[in-house]
Structure formats: C-alpha cells, structure tokens
Amino acid sequence: NAGVIQTPRHKVTGKGQEATLWCEPISGHSAVFWYRQTIVQGLEFLTYFRNQAPIDDSGMPKERFSAQMPNQSHSTLKIQSTQPQDSAVYLCASTRSSYEQYFGPGTRLTVL
Amino acid sequence: GQQVQQSPTSLVLQEGENAELQCNFSTSLNSMQWFYQRPGGSLVSVFYNPSGTKQSGRLTSTTVIKERRSSLHISSSQITDSGTYLCAMERRTGYQNFYFGKGTSLTVIP
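Residues numbered from 1 in each chain as written. Chains lettered and ligands numbered in written order. Predicted model: local features only at pLDDT ≥ 70, side-chain atom pairs only at ≥ 80, totals over all residues. Heavy atoms only, no water.

**Brief notes about the overall build of chain A**
Argument step 1. Tallying secondary structure elements over chain A gives 0 helices and 11 strands in all.
Argument step 2. When the helices and strands of chain A are read in sequence order from the N terminus, they spell out β-β-β-β-β-β-β-β-β-β-β.
Argument step 3. Overall size of chain A, expressed as C-alpha extent along the three principal axes, is 40 × 25 × 25 Å.
Argument step 4. Counting over 112 residues, chain A shows a buried share of 46%.
Argument step 5. The long-range share in chain A, meaning contacts at least 24 apart out of those at least 6 apart in sequence, stands at 53%.
Argument step 6. If you average the places of the 10 positive and of the 8 negative side-chain charges in chain A, the two averages end up 5 Å apart. (Helix = DSSP H or I, 4+ residues; strand = E, 2+ residues; numbered from the N terminus. Buried < 20%, exposed > 50% of the residue type's maximum accessible area, 1.4 Å probe, protein only. Contact = heavy atoms within 4.5 Å. Lys, Arg positive; Asp, Glu negative; His and termini not counted. Charge placed at Lys NZ, Arg CZ, Asp CG, Glu CD.)

Here is the structure:
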C-alpha cells in the first residue's frame, strides 16, 4: 500500500499562470478530500468527492479554483491565473467509509 | 468563528515529562482524529477516536463526545515526539469533511 500519492511535490509558477495538482487516493477508498495549509490560516478544507461525485466544494475559492475526479484512481485540483496568495501546501486525503482520513505528502505551491 | 480550539498553542518539555494536549469543539461532532506533523512533513494519523479512550504506546487519546472535547496525553516524552499535533472533527450534521484546529507545537528538549 503506497498510501496517498500527490504530484508534483513542489511547484513554482509565475503570477497569472495555471497550476494543476494531482492526487492518487489509496486503492479502495471511496472519498477524496482536498485541503490547503498555510502558516497563517492553518488547514482549510477546499472540496471533496465521494465515489467520484463532487459532494461539497464550499471551501473552494469560486473564481479560479476547480477540482475534478474523472476516475476512482485520481483527482486533480486546478488553479487558474495563480496569485501569490495561493502559495500554500495543498494536501489530499482519502478515506473508506470509516471516516478515518489518510493524507498524502502534499504539494508545495509557490507563486512568484 | 473557529470551530476547533486547541490548547496550548505551544509547549516545551524536558525529555521524560508528560504532556496533555486539549481539543475543544464548538459544535456537535460525529468523530474526531488526532494527527502529527513534522515541520515540512505530511499529516500522520495518531488516533481516530470518535469516542472513549484509546491507547497506543506512550500516547492516550480520550474523547468525550457530549462535552465536545478530546485530549491527547503523551507520557515520558522523547525528543522524537517534537512536532505539531493537530486535532480535527467531523461535524454531526452536514458533510464528511474535517475541520482542523491550529495545532499544538511541541518541543521536547534533552
């Protein structure tokens, strides 16, 4: 069991560029969650999918952020026109029905 | 407002001392989980503890659902225990996502 896989581990973009982050959940897990972590705000929920269907995206900034889960083996978080305030560690987690969440190593996004 | 309050914010212990970390929730919860994070590291689950007491080695977690609180006790602390401990709750109503506290930063010195 490789755990939750996130790629890339680090990404540097220029202001205004697009960034796509990838998450591969643990095999057999039915739910995938995206969080963002910064020193100031801590860990913030962004969005989550259950059985590939979007369930709750209440934490997503509406204008530039989008997430998809095209199949049960991966999810993507896309940020268009990145801004310096988007710099953070983006964490993906997956869970079975027991609700215990397992986190990936995160993607550190730096927007210059 | 903050739905999950953790205390203390930071803690410095001498090796061998015990620590008690607290987590209080502002709303009714379905379950909660304790995580450990090293600087620059990912979140590692310490306990998934919806209610009652769980123990693993030197760590003990106690959750009292009706009082909306959970604690993490670390006995005989070691230098390798240093890091940030985060608690997270799943609300009783609404969706399955977790709300996180800001964490307790623990430093164990020799």
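Here the narrative resumes, following the displayed structure.
**Digging into the nonpolar core**
Argument step 1. Of all hydrophobic cores here, the largest spans 20 residues; its most connected members are Phe25, Trp34, Val46, Leu72, Tyr85 and Cys87 of chain B.
Argument step 2. Elements supplying a minimum of two residues to this core: strand S3 (19–25), strand S4 (29–37), strand S5 (43–48), strand S8 (69–74), strand S9 (83–91) and strand S11 (104–109) of chain B.
Argument step 3. If we ignore the near neighbours within four places in the chain, the residues touching Tyr85 of chain B are Gln6, Leu21, Phe35, Tyr36, Leu72, Ile74, Gly103, Thr104 and Leu106 of chain B.
Argument step 4. Within the second largest apolar cluster, 19 residues are counted, among which are Leu21, Trp34, Met69 and Cys92 of chain A. (Core = buried A, V, L, I, M, F, W, Y, C linked by side-chain atoms within 4.5 Å.)

**A word on the packing of aromatic side chains**
Argument step 1. Taken as a whole and judged by the stated rule, the model has 10 aromatic pairs over all chains.
Argument step 2. Arranged with centres 5.2 Å apart and planes meeting at 85°, the rings of Phe103 of chain A and Phe35 of chain B form a pair that is edge-to-face. Of the two residues, Phe103 of chain A sits in strand S10 (residues 102–103) while Phe35 of chain B sits in strand S4, which places them in two different chains.
Argument step 3. According to the relative accessible area criterion, Phe103 of chain A is buried, its value standing at 10%.
Argument step 4. Taken together, the ring pairs connect Phe33, Tyr35, Phe45, Tyr48 and Phe103 of chain A together with Phe35 and Phe100 of chain B into an aromatic cluster. (Phe/Tyr/Trp six-rings, centres within 6.5 Å; stacked < 30°, edge-to-face > 60°.)

**A word on the pattern of salt bridges**
Residue and element names in this part refer to chain B.
Argument step 1. With the rule as written, the count across this model stands at 5 salt bridges over all chains.
Argument step 2. The salt bridge involving Glu67 is made with Arg69; its shortest N-O contact spans 2.7 Å.
Argument step 3. Given the relative accessible area of 30%, Arg69 is considered partly exposed. (Salt bridge = Lys/Arg side-chain N within 4 Å of Asp/Glu carboxyl O.)

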